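Next come the chains, spelled out residue by residue.
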Amino acid sequence: MKTYNILLAKTILSFIAGILLQPYMDISLFWCIILMIITYGIVCICHRLAYKNIQWSIPFGIVLIFLFTILGIANKTLKNPLRSTHHYTCFQDKDTHTYLFSIQKKLKPSAYHHKFIAQLHKKDSTPITGDVLISVEKDSAHTIPKMGHWYYTRTSIKDLPIAKNPYQFDYGAYLKKKQIYGQFFVKGNELLKGDQTTENIRVGALRFRESVIRKLKKQPFSNKQLAIIQALLLGQRQEIDTTMSNQYASAGMMHILAVSGLHVGILLILLRLITHPISNRKLRWIRSGMIIGLLWCFAFITGLSPSVLRAVTMFSFLELGSCLGGKRTTHDALLFSAFILLVIDPSLIYQVGFQLSYLAVIAILWLQPWLYHFYRPKYYVIDKLWGIITVSIAAQVGVLPLSLFYFHQFPGLFLLSNIVVLPFLGIILSIGILVIGLSYFSILPNYLALIYGNIIDALNNFIAWVASKEAFVIDHISLSLVNMLVWYLVLISFFYILKKYQFKRLLFFLVTLTLILSIQIYQKINREAPHLTVFHKNKETLIGIYTSDTLVLYTDLIIDDYKKESRVEAYQNRFNLDTIYQRRMQNYVSLQHKKILIIDSLDIYKIQGIKPNYILLRQSPDIHLERLITLYPNATIIADGSNYKSDITRWKATCLELKIPFHSTYEKGFFIIK
């Protein structure tokens, strides 16, 4: 018996393909509906013919896949907020207006701003819709905006940020995938609280979580302990500093800091153990109802964040599938939960957490039972330890290519971390939920808070110890999208052979292996051409020259730790670089036949015999730009982030007047010379 419904899997994958294709296909909702009606009619005809002749089953499957692809396109089109004639992008301009908005979600703050997602309601007196990113300048004298409250401000909507350095995370593109197309920058004293408030279950959950956090802050927890407690139990990672976050990532335990599938899965196991006395056939539906209800209570406690809602929905379907009985039912319930979530919110497919959660659970359901049966321990403790090992291996196999694609590193000690932490994570979560409950009602004993704080310290210390073994962390791994997809085919075909040898499975594995080797050879032959990059860096100049897997950095500062320089790290990840040299900034550099003259505050630019193709202005040199252009009329002018913006504005105007190419890294980001 097949443990997966192949037809269901194909149709859901087709639906996902439709969602991913929609941005690249200009099909209106009207034509989507027409195509769906026609395709549905053909599906019905093929289905009827397939009953009489099995040969029609193949055309039936093809047409059904096409139908679900169109459904995916239609669903993404329908949920696109830009379809609304009231969306703020229809009225967007650069002028200042009075906006009315409500706070929907609090994000992790930056060094100088509190950040929120807000829903717009009015522009002056015109009703508008749509979500924006709001950055409120940090000022202790003013109140931080609160969830569900409405505010007025007078400002202008600005464009989303662009990636100003190569191969870095494009935050603006990420926001657009979340259907956010603009941003505000305001000060606390520029916000006027309105009379209205948003009242719904999500806002209620967020306020409940905020009240829990206020109560926890009154307990004898240190700042580090409180940061981990909020992350583990309430899904709030804003208080975790960069050092601690990097330690958990290097130890392969970053997933425990985001309340999602792992936490809900452990909670599901605990609830099944607690309700085991009513697991007989007559009471199983009552048991499943209690478990699902408690899971949704946990979701409410954590503020109904998208990751928790996703995980609780997924495991609710898994519990229903388990109640109905059979592996296939459980697997089908998992696939159907993904389908329901994507119907509700198609943009979930772009979220890394959604991708990792489902791939991990699918891999566990597919591989873990097979791995577990390789060894049958006689003793209970060893048996449970072996179960944790097999679950960890299965989950890591499921997410490995995707993790390398997004995070460019592999924690070699992930198995050790999981073996030590996961057996106790259920205890940590159970005690934590008790601590939250008692703290909320102000009856938490001081000794229990101290004990729980020590447990959190022990967890942090172990993670820090594992992370300190840097030799086991393989980083700067470059994996393209095509590479990642082919590696998944290689892994699937490999485990298919191991589970059951067949010639066609061997052939499938050899084909995927040949494909991945061909891609590797192609990438080696067609490696990136040598190039020079002028990075954007505030108040500093950073130039990099890439040749033959080597990066030479020109800078005034000595970069001791490349991991702390995100621009350099992004380059390392993209090209898998290990060889990096540093040199002091010069007045002249060249790349093959391209010459770059660098003019700093010393204003030295008359170099004998040099006719530059490019001129880099840095540190706001006091020069007469027209005279410089007269001397070098064919050079492109570049201004980096070390200059004053007022100087850049003046230089840009001069270049426009004289029709000379001008590039400011403030406006356009990095500049590459090949």
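1. Quick notes on the overall build of the chain
Move 1: Scanning the chain from terminus to terminus reveals 21 helices and 19 strands.
Move 2: What you see for the chain is a C-alpha radius of gyration of 29 Å, in line with the 26 Å of a compact globule of 674 residues.
Move 3: For the C-alpha atoms alone, the extent of the chain along its principal axes is close to 90 × 65 × 55 Å.
Move 4: Carbon together with sulfur atoms contributes 62% to the accessible area of the chain, which is approximately 35,400 Å² in total.

2. Section: the packing of aromatic side chains
Move 1: Under the defined criterion, the tally for this structure stands at 30 aromatic pairs.
Move 2: The interplanar angle of 75 degrees and the centroid separation of 5.4 Å between the aromatic rings of Tyr167 and Tyr571 together place this pair among those described as edge-to-face. Residue Tyr167 is located in the loop between strand 5 (149-155) and helix 4 (171-177), and its partner Tyr571 is located in helix 18 (residues 566-575); the two are separated by 404 residues in the primary sequence.
Move 3: Among the residues examined, Tyr167 registers a relative accessible area of 35% and is labelled partly exposed.
Move 4: A centroid spacing of 5.4 Å and a plane angle of 85 degrees characterise the contact between Tyr167 and Phe575, whose relative ring orientation is edge-to-face. In this pair, Tyr167 is assigned in the loop between strand 5 and helix 4 and Phe575 in helix 18, connecting sequence segments 408 residues apart.
Move 5: Judged by relative accessible area, Phe575 falls into the buried class, the value being 10%.
Move 6: Pairwise contacts between aromatic rings join Trp366, Trp370, Phe374, Phe494, Phe495, Tyr496 and Phe509 into one cluster.
Move 7: The ring centre of Tyr440 lies 4.9 Å from the NZ or CZ of Lys215, which sits over that ring.

3. Examining the nonpolar core
Move 1: One finds Val264, Leu295, Phe315, Leu342, Ile349, Phe354 and Tyr358 to be the most contacted residues of the largest nonpolar core, which totals 45 residues.
Move 2: Counting only elements with at least two residues in this core, the list comes to helix 1 (6-21), helix 2 (29-52), helix 3 (57-78), helix 8 (261-274), helix 9 (284-301), helix 10 (306-324), helix 11 (327-344) and helix 12 (352-372).
Move 3: When near neighbours in sequence (up to four residues on either side) are disregarded, Leu295 contacts Val264, Leu267, Leu268, Leu271, Val312 and Phe315.
Move 4: Formed by 39 residues, the second largest nonpolar core is a distinct cluster that contains Ile229, Ile256, Leu257 and Leu459.

4. Brief notes about unusual backbone geometry
Move 1: For Gln179, which is not glycine, the phi torsion reads 65 degrees and is therefore positive.
Move 2: Mapped onto the elements of the fold, Gln179 is located in the loop between helix 4 and strand 6 (180-186).
Move 3: The exposure class of Gln179 is partly exposed, given its relative accessible area of 21%.
Move 4: Within the chain, Ser620 stands out as a residue other than glycine whose phi angle is a positive 50 degrees.
Move 5: Judged by relative accessible area, Ser620 falls into the buried class, the value being 14%.

5. Here's the deal with helix 17 (residues 503-525)
Move 1: Taking 1.5 Å of rise per residue, 23 residues should cover 33 Å, and helix 17 covers 33 Å from first to last C-alpha, within 8% of that figure.
Move 2: Where helix 17 is concerned, the buried positions are Phe509, Thr512, Ile516 and Ile519.
Move 3: Looking at the packing, one finds that the buried side of helix 17 touches helix 16 (481-499).

6. What about the sheet that holds strand 15 (residues 594-599)?
Move 1: Read from one edge of the open sheet, five strands run 14-15-16-17-18, paired in mixed fashion. Edge positions in the open sheet fall to strand 14 (588-591) and strand 18 (662-664), since each of these has one partner strand only. Ignoring which end each strand starts from, the neighbouring axes of this sheet average 20 degrees apart.
Move 2: When strand 14 meets strand 15, the two strands line up antiparallel, connected through four bridges. Counted as the bridge partner of Ser590 is Lys595 from strand 15.
Move 3: Contacting strand 16 (614-617), strand 17 (636-639) and strand 18, helix 20 (residues 645-658) runs over the sheet at an angle of about 160 degrees to strand 18.

7. With respect to the side chain of Asn573
Move 1: Within the element layout of this structure, Asn573 appears in helix 18.
Move 2: Beyond its immediate stretch of four places on either side in the chain, Asn573 contacts His408, His476, Ile477 and Ser478.

8. Quick word on a positive patch on the surface
Move 1: Residues Lys146, Lys193, Arg214 and Lys218 make up a contiguous surface patch of positive charge.
Move 2: The topology assignment puts Arg214 in helix 5 (residues 201-217).
Move 3: Here Arg214 falls in the exposed class, since its relative accessible area comes to 51%.

9. Concerning the pattern of salt bridges
Move 1: For the coordinates displayed, the defined rule picks out nine salt bridges.
Move 2: Note that Arg650 and Asp647 form a salt bridge whose closest N and O atoms lie 3.0 Å from each other. Placement of the pair is Arg650 and Asp647 together in helix 20, with a separation of three residues, close to one helical turn.
Move 3: Among the residues examined, Arg650 registers a relative accessible area of 42% and is labelled partly exposed.
Move 4: Across the salt bridge formed by Glu667 and Lys652, the nearest N and O atoms sit 3.0 Å from each other.

10. A look at the sheet that holds strand 12 (residues 550-555)
Where strands meet in a sheet, backbone hydrogen bonds hold them as pairs that are either parallel or antiparallel.
Move 1: Read across the sheet, five strands follow the order 13-12-11-10-19 without closing on themselves; strand pairing throughout is mixed. Looking at the sheet topology across the chains shown, the edges are occupied by strand 13 (579-584) and strand 19 (671-673). Neighbouring strand axes in the sheet, compared pairwise and without regard to direction, differ in orientation by 20 degrees on average.
Move 2: Of the pairings in the sheet, the one linking strand 12 to strand 13 comprises six bridges and is parallel in character. Note that in strand 13 the partner of Thr550 across the bridge is Thr579.
Move 3: On the sheet, helix 18 packs against strand 10 (531-534), strand 11 (542-547), strand 12 and strand 13 and is oriented at approximately 15 degrees with respect to strand 11.

11. Thoughts on the confidence of the model for the chain
Move 1: Per-chain confidence: the chain averages 84 in pLDDT, with 95% of residues scoring 70 or above.
Move 2: Strand 18 holds the highest mean pLDDT among the elements of the chain, 94, whereas strand 9 (residues 473-475) holds the lowest, 76.

12. Concerning the side chain of His121
Move 1: Checked against the element boundaries, His121 lands in strand 2 (residues 113-123).
Move 2: Within the structure, His121 has its side chain in polar contact with the side chain of Ser102 (distance 2.8 Å).

13. Some words on the pairing of strand 4 (residues 131-137)
Move 1: With respect to burial, strand 4 is a largely interior element, five of its seven residues being buried.
Move 2: One ladder, built from seven bridges, connects strand 2 with strand 4; its direction is antiparallel. Directly across from Phe116, in strand 4, lies its bridge partner Ile134.
Move 3: In the sheet, strand 4 pairs with strand 6 via five bridges, with the strands oriented parallel. Paired with Val136 across the two strands is Val186, which belongs to strand 6.

14. Here we look at the layout of surface pockets
Move 1: Computed from the structure, the second largest pocket encloses a volume of approximately 190 Å³.
Move 2: Contributing to the lining of the second largest pocket are Leu267, Leu270, Leu271, Ile274, Leu294, Cys297, Phe298, Ile301, Ser430 and Ile433.

15. Let's talk about helix 9
Move 1: Its 18 residues place the ends of helix 9 26 Å apart at the C-alpha level, agreeing with the 26 Å of an ideal helix rising 1.5 Å per residue.
Move 2: Within the span of helix 9, buried status applies to Arg287, Ser288, Ile291, Ile292, Leu295, Phe298 and Ala299. Projected onto a plane normal to the axis of helix 9, the buried residues spread over an arc of 130 degrees and lie on a single side.
Move 3: Backbone geometry just after helix 9 places Gly303 at a positive phi near 90 degrees.

The rules behind these values
Numbering of residues starts from 1 in each chain and follows the order in which that chain's sequence is written. pLDDT decides what is reported in this predicted model: residues at 70 or higher carry local features, side-chain atom pairs at 80 or more are listed and counted, and totals for whole chains, interfaces and linings draw on all residues regardless. Think of the side-chain values as coming from all heavy atoms in the structure, minus any hydrogens and water. The helix and strand labels rest on DSSP assignments: H or I over at least four residues marks a helix, E over at least two residues marks a strand, and numbering proceeds from the N terminus. The atom set for the radius of gyration is the C-alpha atoms, and the globule formula is 2.2 Å times the number of residues raised to the power 0.38. Only the protein chains shown count as cover for residues, with accessible areas throughout obtained via the Shrake-Rupley method and a probe of 1.4 Å. Put simply, two rings from Phe, Tyr or Trp (the six-membered ring, in Trp's case) pair if the centres are within 6.5 Å, and we call them stacked under 30 degrees between planes, edge-to-face over 60, tilted for the rest. Each residue's exposure class comes from its accessible area (1.4 Å probe, protein chains only) as a fraction of the maximum for that residue type: buried when under 20%, exposed when over 50%, partly exposed otherwise. By definition here, charges over rings are those cases where NZ of Lys or CZ of Arg is within 6 Å of the ring centre and within 35 degrees of the ring normal. In these notes, a set of buried Ala, Val, Leu, Ile, Met, Phe, Trp, Tyr and Cys residues joined through side-chain atoms within 4.5 Å is what counts as a nonpolar core. We call two residues in contact whenever any of their non-hydrogen atoms come within 4.5 Å of each other. Expected helix span is taken as 1.5 Å per residue step, with the number of steps being one fewer than the number of residues. A pair of strands is considered paired only if DSSP assigns at least 2 bridges between the two. Axis definition: a line fitted to C-alpha atoms, over the contacting stretch in the case of helices. Angles run 0 to 180 degrees between N-to-C directions. Residues enter patches when they are more than 30% accessible in relative terms and free of salt bridges; like-charged ones are connected within 9 Å and nonpolar ones (Val, Leu, Ile, Met, Phe, Trp, Tyr) within 5 Å. Any Lys or Arg side-chain nitrogen located within 4 Å of an Asp or Glu carboxyl oxygen qualifies as a salt bridge. Charge counting treats Lys and Arg as positive and Asp and Glu as negative, with His and both chain ends excluded. Positions of charges follow a simple convention, taking NZ of Lys, CZ of Arg, CG of Asp or CD of Glu. A score between 0 and 100, pLDDT records how confident the predictor is in each residue. Polar contacts, as used here, are pairs of N or O atoms within 3.5 Å; protein pairs need one atom able to donate a hydrogen and one able to accept it. Residues neighboring in sequence count only if both atoms are side-chain atoms. The definitions used throughout rest on a 1 Å grid laid over the protein atoms alone, on which a cavity is an enclosed set of points accommodating a 1.4 Å probe that cannot get out and a pocket is an open set flanked by protein within 12 Å on both sides along at least five of seven lines; lining residues are those having an atom within 4 Å of a point. Grid points are joined across faces, edges and corners, and a volume is the space filled by probe spheres set on the points. This arc corresponds to the set of directions leading from the helix axis out to the C-beta atoms.

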